[in-house]
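Next come the chains, spelled out residue by residue.
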Amino acid sequence: MHILLVEDDITILEGLKFCLLKEGFKVTAFNKGLEVLENISKEKYNLMILDINLPDINGVNLYKKIK
């Protein structure tokens, strides 16, 4: 399973990524929403973990653009 992880707090991002990788998941992580929009078409994801309060774009708006 490939997980897209979007979290602006680097400590939380790295902690979640570490735990997910340890459990055997493939993880692609971003700390900026606009980077996600630039790269979303390069990979296929099974699940997205998305922070709502991103500094550059609201997580809900990001989700709507991806959807």
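Preceding this section is the structure that the text describes.
Definitions and cut-offs
Residues numbered from 1 in each chain as written. Predicted model: local features only at pLDDT ≥ 70, side-chain atom pairs only at ≥ 80, totals over all residues. Heavy atoms only, no water. Helix = DSSP H or I, 4+ residues; strand = E, 2+ residues; numbered from the N terminus. Rg over C-alpha atoms; globule rule 2.2 N^0.38 Å. Buried < 20%, exposed > 50% of the residue type's maximum accessible area, 1.4 Å probe, protein only. Contact = heavy atoms within 4.5 Å. Areas by Shrake-Rupley, 256 points an atom, 1.4 Å probe, with all protein chains shown as cover. Expected span 1.5 Å × (residues − 1). Polar contact = N/O pair within 3.5 Å; in protein donor to acceptor, adjacent residues only side chain to side chain. Pairing = 2+ DSSP bridges. Axes fitted to C-alpha atoms, helices over the stretch in contact; angles between N-to-C directions.

> When you look at the overall build of the protein in this model, what are you seeing that I'm missing?
A count of helical and extended segments in the protein gives 3 helices and 3 strands. Moving toward the C terminus, one meets the helices and strands of the protein in the order β-α-β-α-β-α. The C-alpha atoms of the protein give 11 Å as radius of gyration, which agrees with the globular expectation for 67 residues (11 Å, within 12%). The principal-axis extent of the C-alpha atoms belonging to the protein is close to 30 × 25 × 15 Å. Looking at the 67 residues of the protein, the share that counts as buried comes to 27%. If you take every contact in the protein between residues at least 6 apart in sequence, the share linking residues at least 24 apart comes to 57%. Summed over its atoms, the accessible surface of the protein is roughly 4500 Å², and 54% of this surface lies on carbon and sulfur atoms.

> What should I look at first to understand helix α1 (residues 10-22) in this one?
The α-helix winds at 3.6 residues per turn, so residues separated by three or four positions along the chain end up facing the same way. A rise of 1.5 Å per residue sets the reference length of α1, with its 13 residues, at 18 Å; its end C-alpha atoms lie 18 Å apart and thus fit the reference within 8%. Measuring from the side-chain oxygen of the N-cap residue of α1 to the backbone nitrogen of Thr11 gives 3.0 Å; that N-cap residue is Asp9. Directly after α1, the chain includes Gly24, whose backbone phi takes a positive value near 100°.

> For this particular structure, what's the right way to read the sheet that holds strand β2 (residues 26-30)?
Within a sheet, neighbouring strands are paired by backbone hydrogen bonds and run either parallel or antiparallel to one another. Across the sheet, which stays open at both edges, the 3 strands sit in the order β2-β1-β3 with parallel pairing between neighbours. Both edges of this open sheet fall to β2 and β3 (47-50), since each of them pairs with a single strand only. Along the sheet, successive strands turn relative to each other by an average axial angle of 20°, direction set aside. The strands touched by helix α3 (residues 59-66) are β1 (2-6) and β3; relative to β3, the strand with the most contacts, the crossing angle is about 155°.

> What's the story with the environment of Leu50 in this structure? I'm lost.
Its location among the elements puts Leu50 in strand β3. Along the chain, Leu50 and Asp9 lie 41 residues apart, while their C-alpha atoms are 12 Å from each other. When near neighbours in sequence (up to four residues on either side) are disregarded, Leu50 contacts Val6, Gly59, Leu62 and Tyr63.

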